[in-house]
Amino acid sequence: MDHRSGRRRHQRIDATFPVRISTIEPEREPGTGRPFFRASQETCANLSRGGAFVTTAEPLTPGRRVLLEFVLPDGRPLEAIGRVAWTRRVLAPLERDNEAGIGIEFLGGPSDQFSALEELIAKLGDGAA
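A brief report on the enclosed structure follows. Just so it is clear, the model here is predicted, and its values are computed rather than measured.

Quick look at the sheet that holds strand β1 (residues 12-23) now. One closed barrel accounts for six strands, arranged β1-β4-β5-β8-β7-β6; its pairing is antiparallel. Recorded for the sheet is a direction-independent mean angle of 45° between the axes of neighbouring strands. For β1 and strand β4 (residues 39-48), the ladder comprises nine bridges, and the chain directions are antiparallel. Looking across to β4, one finds that Ile-13 is bridged to Leu-47. Helix α1 (residues 111-124) rests against β1, β4, β7 (77-88) and β8 (101-108) of the sheet, and its axis sits at about 70° to β7.

Every other side chain in a regular strand lies on the same face of the sheet, so the side chains alternate between the two faces. Sheet topology note: the strand β6 (residues 65-71)/β7 ladder contains seven bridges and is antiparallel. Residue pairing for β7: Val-66 is matched across the bridge by Gly-82. In this antiparallel pair of consecutive strands, β6 and β7, the connection spans five residues, and Gly-75 shows a positive phi of 95°. Bridge count between β7 and β8: seven bridges; the pairing is antiparallel. Among the inter-strand pairings, Ile-81 is bridged to a residue of β8, identified as Gly-108.

Here we take up the packing of aromatic side chains. Inspection of every chain in the model, using the stated rule, returns four aromatic pairs. Aromatic pair Phe-53 and Trp-86: ring centres 5.5 Å apart, planes at 10°, arrangement stacked. Residue Phe-53 is located in strand β5 (residues 51-55), and its partner Trp-86 is located in strand β7; the two are separated by 33 residues in the primary sequence. Among the residues examined, Trp-86 registers a relative accessible area of 12% and is labelled buried. Both rings, one in Phe-70 and one in Phe-106, keep their centres 6.3 Å apart while their planes meet at 85°; by these two values the pair is edge-to-face. Taken together, the residues span a long stretch of sequence, with Phe-70 in strand β6 and Phe-106 in strand β8 at a distance of 36 residues. Here Phe-70 matches Phe-106 in class, with each residue buried. Connected via pairs of aromatic rings, a cluster forms that spans Phe-17, Phe-70, Phe-106 and Phe-114.

Attention now moves to the pairing of β4. In this structure, β4 lies alongside β5, joined through four bridges in antiparallel fashion. Paired with Asn-46 across the bridge in β5 is Phe-53. Hairpin geometry of β4 and β5 is characterised by an intervening segment of two residues between the two adjacent antiparallel strands.

Here we come to the nonpolar core. Counting residues in each nonpolar core, the largest one holds 24 residues, and the members touching the most others are Ile-21, Leu-47, Leu-68, Phe-70 and Phe-106. Excluding anything up to four places from it in sequence, Ile-21 contacts Arg-38, Ala-39, Ser-40, Glu-42, Val-54, Leu-60, Val-66, Leu-67, Leu-68, Ile-102 and Ile-104.

Definitions and cut-offs
Residues numbered from 1 in each chain as written. Predicted model: local features only at pLDDT ≥ 70, side-chain atom pairs only at ≥ 80, totals over all residues. Heavy atoms only, no water. Pairing = 2+ DSSP bridges. Helix = DSSP H or I, 4+ residues; strand = E, 2+ residues; numbered from the N terminus. Axes fitted to C-alpha atoms, helices over the stretch in contact; angles between N-to-C directions. Contact = heavy atoms within 4.5 Å. Phe/Tyr/Trp six-rings, centres within 6.5 Å; stacked < 30°, edge-to-face > 60°. Buried < 20%, exposed > 50% of the residue type's maximum accessible area, 1.4 Å probe, protein only. Core = buried A, V, L, I, M, F, W, Y, C linked by side-chain atoms within 4.5 Å.

Remember that the coordinates give geometry; whether it matters functionally is a separate question.
Here it is in structure tokens:
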């Protein structure tokens, strides 16, 4: 997925709804070296069969694997394992379409839930470019 050039493999829809993100591999506390996991409630800004853009004030580093838990706008659940593909940090946060966040590539999840995602994108994306 090349988010910079505008060429995408999958149709993308704007969809703003909550998403829970949990890290899969532990991080280490700088002072003590103790392992810990992150879990946070964030906001999905857009979505495709291949991934999502999630706004967050504390972006994870590219390459991190995460578990995403959504309730899609039509009420169906979606759980996906993903990888942070890219990070956007914002220097001018008041500009529109310039939100800090992470691009997440979906690596896998239940096939029935991904079928529901594809149906939703087809339904909502008919008028989208």
